[in-house]
Amino acid sequence: MRMGMFCAAASLCALLVTPASAQVQERTIRWGHLNNTDHPVSFGVQKFAEVLAAKSGGKLKIREFAASQLGNEMQQQSAVRGGTQEILSASTTSLASVVKDLGLFDFPFIVSTFEQAEALAQGAFGKAMLDTLPEKELIGLGYWGLGFRNATNSSRPIAKVEDFAGLKLRVIPNPVYLETFKALKANPVPMAFGELYTALENRTVDGQENPYSVILSNKFFEVQKYVSATNHTFTQNVIIVSKKFWDGLSPEEQKMFRDTFADTRQYQRDQTVAAAEKSLGELKAKGMQFNEIAPAEYARMQDATKGVIEKFSGEYDPARVKLFSSELARIRGGK
């Protein structure tokens, strides 16, 4: 009897002192995204993989699938929700098809600096959006800011509202983007990203809009002459994890993922900022003509698109719109 009690106690003690490494299994985690390997998203994935491997003693291995190798963003979203892909860097624009209120991030001209954009994502509204993901079979680790989107075209510089008039611009197939450029009197053309280079080359469209790093990475400078700092929207990625995969992780493994995201977020942010500056410099060096937008003209663009915000705000959860608006007031006030 005493021997049995001793063995049971010893077994309990052994469980209590089990090292963390024993709670971590050998796993290969597929992380997909749309960008090339010279993009800040890829740099972020590589740093995440390095740190996670170090934390897990090499047991948790990230395998990166860049440049849409696992399909377009909607296909990858479906795979992550279904548990056949573990992680995706998902744009708020496409993820709004799953959590509609994420579309508020895509409203035009709502932030004017990187710091404001980051404050919006890291604040109460951004957190509220992450909290909605588990009911959609997703876990959100957090946000990676990918920078401002800027317009390019092959016809003329865009320095004022009137310069948009009549330009056929490829935009993300998203109602807010379509209405934004209609409000600016452009002719927006929804088109899959994979078709864009050929469309620019063949002059099916006059131009497009994307962060500088995407413009450079995809060599749009070969088929576009003008790049203008329109800064009309700020692109956010949500790092989403399959809930089916997440629920199979031990608490220690889950902590490693969250800690790794926290430890690498600043690195990815720095890569994004540096890439924007470097990419713009390279675009100029490759012959693109660049122009800034004067503050007064930027304000006119904001005014021209206010109706878009008013129109679409009514389609979202009123409580979320209220939180979103209060957060914008907070960050614009520098509080």
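Values in this document were obtained by computation on a predicted structure and should not be read as measured data.

Student: Got a sec to walk through the overall build of the protein chain? Specific residues and values, please.
Tutor: Summing up its helical and strand segments, the protein chain has 13 helices and 11 strands in all. Along the first, second and third principal axes, the C-alpha atoms of the protein chain reach 90 × 40 × 35 Å. The 335 residues of the protein chain split such that 51% are buried. A sequence separation of at least 24 residues applies to 75% of the contacts in the protein chain between residues at least 6 apart. Roughly 15000 Å² of accessible area belongs to the protein chain as shown, and the carbon and sulfur atoms make up 54% of that amount. On the protein chain, the mean spot of the 39 positive side-chain charges and the mean spot of the 36 negative ones are 2 Å from each other.

Student: Give me the lowdown on unusual backbone geometry, citing residues and values where you can.
Tutor: Here the phi dihedral of Ala67 falls at roughly 55°; this positive angle occurs in a residue that is not glycine. Tracing the sequence through the fold places Ala67 in the loop between β2 (60-65) and α3 (73-82). The class of Ala67 is partly exposed, set by a relative accessible area of 38%. Positive phi, close to 60°, is recorded for Arg203, a residue that is not glycine. Residue placement: Arg203 occurs in the loop between α8 (196-201) and β8 (207-210).

Student: Which residues make up the layout of surface pockets, and what values go with them?
Tutor: Estimated volume of the largest pocket: approximately 980 Å³. If you go around the largest pocket, you meet 41 residues; those closest to its centre are Leu34, Glu73, Ser91, Ser94 and Ile172. Within the lining of the largest pocket, the residues separate by chemical class into 15 nonpolar, 20 polar and six charged. Quantified by volume, the second largest pocket comes out at close to 420 Å³. Taken together, 22 residues line the second largest pocket, and the ones lying closest to its centre are Phe148, Asn150, Tyr212, Asn231 and Ala276. When contributions to the lining of the second largest pocket are tallied by element, the ones reaching two or more residues are β4 (138-148), α9 (212-217) and α11 (251-285). Considering each element in turn, the lining of the second largest pocket owes the most residues, six residues, to α11. Classifying every residue of the lining of the second largest pocket gives 13 nonpolar, seven polar and two charged.

Student: Outline the packing of aromatic side chains, listing residues and values.
Tutor: For the structure shown, the criterion picks out 17 aromatic pairs. An angle of 45° between the planes, with centres 6.3 Å apart, marks the rings of Phe48 and Phe257 as tilted. Placement of Phe48 in helix α2 (residues 40-55) and of Phe257 in helix α11 is noted, with a sequence separation of 209 residues between them. Measuring from ring centre to ring centre gives 6.0 Å for Phe107 and Phe324, while their planes differ by 85°; the resulting arrangement is edge-to-face. Residue Phe107 is found in the loop between α4 (92-95) and α5 (114-122), and its partner Phe324 is found in helix α13 (residues 318-332); the two are separated by 217 residues along the sequence. With respect to class, Phe107 is no different from Phe324; both count as buried.

Student: Run through the sheet that holds β4, naming residues and quoting values.
Tutor: As summarised here, the arrangement of the five strands in space is β2-β1-β3-β10-β4, forming an open sheet in which the pairing is mixed. The outermost strands of the open sheet, each flanked by one partner alone, are β2 and β4. Sheet twist, expressed as the average angle between the axes of neighbouring strands with direction ignored, equals 25°. Bridge analysis of β4 against strand β10 (residues 234-242) gives nine bridges, and the strand direction is antiparallel. From the neighbouring strand, Leu138 faces β10, where its bridge partner is Ser242.

The rules behind these values
For every chain, the first residue of its written sequence is number 1, and the numbers climb from 1 along that sequence. Restriction of local features to residues with pLDDT of at least 70 applies here, the model being predicted, together with a cutoff of 80 or more for giving and counting side-chain atom pairs; totals for whole chains, interfaces and linings are based on all residues. Calculation of side-chain values draws on the structure's entire complement of heavy atoms; hydrogens and water are dropped beforehand. Strands here mean DSSP runs of E at least two residues long; helices mean DSSP runs of H or I at least four residues long; both are numbered from the N terminus. Buried, partly exposed and exposed residues are distinguished by accessible area as a fraction of the type maximum, computed with a 1.4 Å probe on protein chains only: under 20%, between the cut-offs, and over 50%, respectively. Note on contacts: a residue pair is in contact if any heavy atoms of the two residues lie within 4.5 Å. For accessible areas, the Shrake-Rupley method is used with a probe of radius 1.4 Å. Any residue's cover is judged against the shown protein chains and nothing else. The positive count covers Lys and Arg only, the negative count covers Asp and Glu only, and His and the chain ends enter neither. For the purpose of locating charges, the reference atoms are NZ of Lys, CZ of Arg, CG of Asp and CD of Glu. Put simply, the grid is 1 Å and covers the protein atoms alone, a cavity is a trapped set of points that fit a 1.4 Å probe, a pocket is an open set with protein on both sides within 12 Å along at least five of seven lines, and lining residues have an atom within 4 Å of a point. Grid points are joined across faces, edges and corners, and a volume is the space filled by probe spheres set on the points. Side-chain classes follow a simple rule in which Ala, Val, Leu, Ile, Met, Phe, Trp, Tyr, Cys and Pro form the nonpolar group, Asp, Glu, Lys and Arg form the charged group, and the remainder, Gly included, forms the polar group. Aromatic pairing here means that ring centres of Phe, Tyr or Trp (its six-membered ring) are within 6.5 Å. Orientation follows from the plane angle: under 30 degrees is stacked, over 60 is edge-to-face, and everything else is tilted. In this description, strands pair whenever DSSP reports at least two bridges between them. To obtain each axis, a line is fitted to C-alpha atoms, and for helices this fit is confined to the stretch in contact; angles are then taken between N-to-C directions over 0 to 180 degrees.

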